[in-house]
Amino acid sequence: MSTPERERHDDVGECVDAALRRVGRRIVLATPLAIGKPNAVLNEFYRRVARDPSLHLTIVTALSLNR
């Protein structure tokens, strides 16, 4: 299996567009607890899913990176 080419995006919308092209319409995101800090990428995924019922989003949060 080859490593996918890395892309860099300065715009959150472009980043989400690229992710959707790569992973498809069923998205599962895992994120550590943000302690109240906004996450622009998660927010944009949520907005997209709210507007497009053909997208499916599962967010797993409050994960700890410590054992």
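The preceding data block contains the structure.
Quick caveat: nothing in here was measured; it's all calculated off a predicted structure.

Some words on the overall build of the protein
And then number 1: Looking only at helices and strands, the protein has 2 helices and 2 strands in total.
And then number 2: N-terminal to C-terminal, the α/β element order of the protein is α-β-α-β.
And then number 3: Every one of the 67 residues in the protein was classed for burial, and the buried ones make up 19%.
And then number 4: A sequence separation of at least 24 residues applies to 67% of the contacts in the protein between residues at least 6 apart.
And then number 5: Split by element, the accessible area of the protein, about 5,800 Å² in all, is 53% carbon and sulfur.

Quick notes on the rules
For every chain, the first residue of the written sequence is number 1, and numbering continues from 1 along that sequence. Residues qualify for local features only when their pLDDT is at least 70, as the model is predicted, and side-chain atom pairs are given and counted only at 80 or more; totals for whole chains, interfaces and linings, by contrast, use all residues. Side-chain descriptors were evaluated using all non-hydrogen atoms of the structure, hydrogens and water having been removed beforehand. Strands are runs of DSSP state E lasting at least two residues, helices are runs of H or I lasting at least four, and both sets are numbered from the N terminus onward. Exposed residues in this analysis have more than 50% of their type's maximum accessible area, buried residues have under 20%, and partly exposed residues fall in between, with area computed by a 1.4 Å probe over protein chains only. Residue contacts are defined here by distance: any two heavy atoms, one from each residue, within 4.5 Å place the two residues in contact. Per-residue and other accessible areas were derived by the Shrake-Rupley procedure at a 1.4 Å probe size, with only the shown protein chains allowed to occlude residues.

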